[in-house]
Amino acid sequence: MSEGIPVGRIFGLPLRVHWSVLVITWLFTWSLASTLPQAAPGHTTGTYWLAGICGAVVLLASLLAHELTHALVARRAGVEVLDVTLWLFGGVARLGGEARSPREAFRIAASGPAMSLSLAGLFAAAAAVLNAVDGPAIVAAVGWWLAGVNLVLALFNMLPGAPLDGGRVLRAILWRIHGDPERASIGAARAGRVVAFLLIVLGLVQFLAGAVVGGAWTVFIGWFMLTAARQEEQWTRTQRTLAGVTVAHAMTPHPRTVPGWISVEEFIQRYLLGDRHSSYPVEGADGTVIGLITLEQLRRVAPGLRDSVRLADVAVPLNQVATAAPDEPVTALLERLEQHRGRRALVLDRGRVVGIVTAADLARLVEVMTVARNPMDLRPY
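A brief look at the structure comes next.

Definitions and cut-offs
- Residues numbered from 1 in each chain as written.
- Predicted model: local features only at pLDDT ≥ 70, side-chain atom pairs only at ≥ 80, totals over all residues.
- Heavy atoms only, no water.
- Helix = DSSP H or I, 4+ residues; strand = E, 2+ residues; numbered from the N terminus.
- Buried < 20%, exposed > 50% of the residue type's maximum accessible area, 1.4 Å probe, protein only.
- Contact = heavy atoms within 4.5 Å.
- Areas by Shrake-Rupley, 256 points an atom, 1.4 Å probe, with all protein chains shown as cover.
- Lys, Arg positive; Asp, Glu negative; His and termini not counted.
- Charge placed at Lys NZ, Arg CZ, Asp CG, Glu CD.
- Core = buried A, V, L, I, M, F, W, Y, C linked by side-chain atoms within 4.5 Å.
- Phe/Tyr/Trp six-rings, centres within 6.5 Å; stacked < 30°, edge-to-face > 60°.
- Pairing = 2+ DSSP bridges.
- Axes fitted to C-alpha atoms, helices over the stretch in contact; angles between N-to-C directions.
- Left-handed = near helix turned anticlockwise from the far one by under 90°.
- Nonpolar A, V, L, I, M, F, W, Y, C, P; charged D, E, K, R; others polar.

Tallying secondary structure elements over the protein gives 13 helices and 12 strands in all. Considered along the principal axes of its C-alpha atoms, the protein spans approximately 80 × 55 × 45 Å. Per-residue burial for the protein yields a buried fraction of 44% across its 381 residues. Restricting to contacts in the protein with at least 6 residues of sequence separation, those with at least 24 account for 61%. Summed over its atoms, the accessible surface of the protein is roughly 20100 Å², and 61% of this surface lies on carbon and sulfur atoms. Taken together, the 33 basic and 28 acidic charged side chains of the protein have centroids lying 4 Å from each other.

If you want it as structure tokens, here you go:
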């Protein structure tokens, strides 16, 4: 979800919005506008759709409040928050690390559903007051709808399986019981797979019973949960496999650097066609590395401009390239690579490039470690 469009900051946290928010905004609007005529008759179609749009916007704000609560509680616990993104399934707060204890992990996980429950109570109370004072029925109906959706959101998120908040709560409990965060993560991921299979079965039953749209949506959510749970389990196993392994074990040492002042065409003829590498550190006039050139950047240069465009002008700037130290745990680099395009990292030692790590290098390292089973068997470059 890091591909979302940056829209600013809130409470100092980067906020992104994925294009799929348009889909859920339409679904929320249509759902509310189609039910309002029964709850508050006597209005025009345009009024119902306007109320639907307003309700959908408030609901998006509720989803944002849910994720911001996760982020703020995590930040208070000392966990780095990378950004908050709204997307098709509501939102996600990306964290740059793990909680230090099961108690902190529990608080971070439970805070989002607690916020949704609080909002459900707030909207229900407001709607009840409007009904009591004979306020606008259509506004009260929107309030009841917002209360119901937030309640469902809180309850659904508390299902005990990753990647839902309930799965994070389960992980914290298992961590407290067993004292092993990796074992707890695998347990929560497996529980998530069970929940996902149950949702898929429920969706198929709904579909066969005639609820085509609802059944298909439930199956889709279950499939997404199943995929995410499998990825989380695989990620945890990868981290366990690579425990004790450093970046020096994974990197390709002494990568060939290229001068940034030559043209793209000259680079292709002199370097790219004669090597098997797909990325190169780019040097500036003073000999320092200023960026990284990959095939992705080269494809963006039209063939007719390759003779006139300098390599430095199309290279990824160094501040946008993942970097690492040779003695750094490779698991920390794995987490950082998830935040950078290209899935490559330059290995720096006292400001000098000593290696490069690609996704292929890391994949090979995982395969080797499943055989070696001991990081001491590896020889760093």
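Let us keep going from here.
This paragraph deals with the nonpolar core. Core analysis: the largest hydrophobic core is formed by 42 residues, its most contacted members being Phe-28, Leu-36, Leu-63 and Val-84. Counting residues per element, the ones that place at least two in this core are β2 (13–17), α1 (21–39), α2 (45–76), β3 (81–87), α3 (102–132), α4 (137–157) and α5 (165–178). With 10 residues, α2 is the largest single contributor of residues to this core. Ignoring any residue separated from it by four or fewer positions in sequence, one finds Phe-28 in contact with Ala-56, Leu-59, Leu-60, Leu-63 and Trp-145.

So, on to the packing of aromatic side chains. In total, this model carries seven aromatic pairs according to the counting rule given. Between Trp-217 and Phe-220 the ring centres are 5.9 Å apart and the planes differ by 45°, which places this aromatic pair in the tilted class. One end of the pair, Trp-217, and the other, Phe-220, are both in helix α7 (residues 212–241), three residues apart, so they sit about a helical turn from each other. Connected via pairs of aromatic rings, a cluster forms that spans Trp-217, Phe-220 and Trp-223.

What follows deals with the sheet that holds strand β12 (residues 352–358). Overall, mixed pairing links the four strands, which are arranged β5-β12-β11-β10 in an open sheet. The two strands at the open ends of the sheet, each matched to only one other strand, are β5 (252–253) and β10 (322–324). Both β5 and β12 contribute to a ladder of two bridges, which runs antiparallel. Note that in β12 the partner of Thr-252 across the bridge is Ile-356. Relative to the sheet, helix α12 (residues 330–337) contacts β10, β11 (344–349) and β12, its axis offset from that of β10 by approximately 170°.

Two numbers describe how α2 lies on α4: the axes approach to 10 Å, and their chain directions differ by 35°. Both α2 and α4 take part in a crossing whose hand is right-handed. Counted together, Thr-47, Tyr-48, Ala-51, Gly-55, Ala-56, Val-58, Leu-59, Ser-62, Leu-63 and His-66 of α2 and Ile-138, Val-142, Trp-145, Leu-146, Val-149, Asn-150, Leu-153 and Asn-157 of α4 form the full contact between these two elements. Grouping the amino acids of the contact of α2 with α4 by side-chain chemistry returns 12 nonpolar, six polar and no charged.

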